[in-house]
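Now for the letters of each chain:
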Amino acid sequence: MSRADLDAIFDADRALREAESRLLEGDPTDLLLDAIAEARALDDPDEAAARLIRLADLCAQVPGVAMIEGLIDILDDEDPQVRVQAGEALLDVAFDYYGDVARAIEARLEGPHRGPCMVELPFLLVEVGEGGTARLLKGFLRHPDPEVIAAGIEAAVEAQETSLAPELEKLTGDQRDVTIADFESETEATVGALATEALELFAQMDENP
């Protein structure tokens, strides 16, 4: 690498900051939503991921329900790196605009929407830790997709939402298979087994408050 290459990097960073500042001076909502749709339609997965990661950061800086919907759309991408960036951006927004984020999630549940975002959103709710988490998690436990239900069960345990025990009781006989990812490993289980294990953990919580 030569000094010219280093200067080119500095120039590119400066141009990026200036372009971002100009973009955010107005209301780029429609422009960003169009860009999300375009990125998700690209045939090149690397270029799509790069654009969506950048768009997640930009969307988080623009207030409004439409941008929350845009972030959830990015969170619905198949690329894990994209979902990580979108999840972090949506989490930042949720701390300031929890009500709007909760309503957007509720709308996806009512669909019911199917997609990668639905196994990410329960954990976002738990991390924010606002009131109404149990009510929304109940929606995930009633979702038709077993993988979404499994995420809801894990999130309920993480949040120690013992009030959801009656919902878990309804799932103990569910024999649908799900895959549980744990860092670099994956294990197979049934929805019923996960619900039963969660109930056992809830019982231990009640015994040792």
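Shown above is the structure to which this text applies.
Numbering of residues starts from 1 in each chain and follows the order in which that chain's sequence is written. In keeping with the model being predicted, local features are shown solely for residues with a pLDDT of at least 70 and side-chain atom pairs are shown and tallied solely at 80 or more, while totals for entire chains, interfaces and linings include all residues. Just so you know, side-chain values use all the structure's heavy atoms and leave hydrogens and water out.

A.B. asks: How would you explain the packing of helix α4 (residues 65–75) against helix α6 (residues 98–110) if you had to name every residue and give the values?
C.D. replies: Only the contacting stretch of a helix is used when fitting its axis, a line to C-alpha atoms as for every element, and angles between N-to-C directions run 0 to 180 degrees. Strands here mean DSSP runs of E at least two residues long; helices mean DSSP runs of H or I at least four residues long; both are numbered from the N terminus. Look at α4 against α6: their axes get within 10 Å of each other, and the N-to-C directions meet at 55°. With respect to each other, α4 and α6 are oriented oblique. In the packing of α4 onto α6, the handedness of the crossing is right-handed. Every residue of α6 that contacts α4 at Val-65, Ile-68, Glu-69, Ile-72 and Asp-73 is listed here: Asp-100, Val-101, Ala-104, Ile-105 and Arg-108. The scheme is simple: roughly parallel for angles under 35 degrees, roughly antiparallel for over 145, roughly perpendicular for 65 to 115, oblique for anything else. Note on convention: near helix rotated counterclockwise from far helix by under a right angle means a left-handed crossing. Clockwise means right-handed. We call two residues contacting when some pair of their heavy atoms lies within 4.5 Å.

A.B. asks: Just give me the short version of α4, but keep the residues and values in it.
C.D. replies: Categorising residues by exposure relies on relative accessible area from a 1.4 Å probe, with only protein chains included: less than 20% of the type maximum marks a residue as buried, more than 50% marks it as exposed, and the intermediate range marks it as partly exposed. If you check which residues of α4 are buried, you get Met-67, Ile-68, Gly-70, Leu-71, Ile-72, Ile-74 and Leu-75. Looking at the buried residues of α4, the elements they touch are α2 (29–40), α3 (45–59), α5 (80–96), α6 and α7 (121–128).

A.B. asks: Provide a residue-level description of a negative patch on the surface, including the pertinent values.
C.D. replies: Residues Glu-88, Asp-92, Asp-96, Glu-127, Glu-154 and Glu-158 make up a contiguous surface patch of negative charge. Mapped by element, the contributors of at least two residues to the negative patch are α5 and α9 (146–159). Take the negative patch: its biggest share by element is 3 residues, from α5. By the secondary structure assignment, Glu-127 is in helix α7. Taking relative accessible area as the criterion, Glu-127 reaches 52% and is therefore assigned exposed. Each patch is assembled from residues with relative accessible area greater than 30% and no salt bridge, linking like charges that lie within 9 Å and nonpolar side chains (Val, Leu, Ile, Met, Phe, Trp, Tyr) that lie within 5 Å. Note on areas: these come from Shrake-Rupley sampling with a 1.4 Å probe, and a residue is covered only by the protein chains present in the view. The working definition used for a salt bridge is a side-chain nitrogen of Lys or Arg within 4 Å of a carboxyl oxygen of Asp or Glu. Residues scored as positive are Lys and Arg, those scored as negative are Asp and Glu, and His as well as the terminal groups of each chain are ignored. Charge coordinates come from a single atom per side chain, which is NZ of Lys, CZ of Arg, CG of Asp or CD of Glu.

A.B. asks: Pulling in residues and values, what's your account of α6?
C.D. replies: Relative to the 18 Å expected for 13 residues at 1.5 Å per residue, α6 spans 18 Å between its end C-alpha atoms, a close match to the ideal helical length. By the burial criterion, the buried members of α6 are Tyr-98, Val-101, Ala-102, Ala-104, Ile-105, Arg-108 and Leu-109. Projected down its long axis, α6 shows its buried positions confined to an angular sector of 160°, all on one face. Summarising the geometry of α6, the exposed residues directed more than 90 degrees from the buried face are Arg-103 and Glu-110. On the buried face of α6, the contacting elements are α4, α5, α7 and α8 (133–141). By this rule the span expected of a helix is its residue count minus one, scaled by 1.5 Å. Think of it as the arc spanned by the lines of direction from the helix axis to the C-beta atoms.

A.B. asks: Explain the environment of Ala-134 to me, using residue names and the numbers behind them.
C.D. replies: Residue position: Ala-134 is located in helix α8. Along the primary structure Ala-134 and Leu-164 are separated by 30 residues, whereas in three dimensions their C-alpha atoms are 6.9 Å apart.

A.B. asks: Pulling in residues and values, what's your account of the side chain of Glu-161?
C.D. replies: Note that Glu-161 resides in the loop between α9 and α10 (165–169). Lacking a salt bridge, the buried Glu-161 has Lys-138 as its closest oppositely charged neighbour, with an N-O distance of 9.9 Å. When neighbours within four sequence positions are excluded, Glu-161 is seen to be in contact with Thr-133, Ala-134, Leu-137, Ala-156 and Phe-202.

A.B. asks: Describe in detail the pattern of salt bridges, supporting the description with residues and values.
C.D. replies: All told, the structure shown has 13 salt bridges when counted by the stated rule. As a salt-bridge pair, Glu-20 and Arg-54 come within 3.6 Å of each other at their nearest N and O atoms. Residue Glu-20 is located in helix α1 (residues 3–25), and its partner Arg-54 is located in helix α3; the two are separated by 34 residues in the primary sequence. Note that Glu-167 and Lys-170 form a salt bridge whose closest N and O atoms lie 3.3 Å from each other. Given a relative accessible area of 8%, Glu-167 falls into the buried group. Judged by relative accessible area, which is 60%, Lys-170 ranks as exposed. Each of Glu-20, Arg-54 and Asp-57 takes part in one network of salt bridges that share partners.

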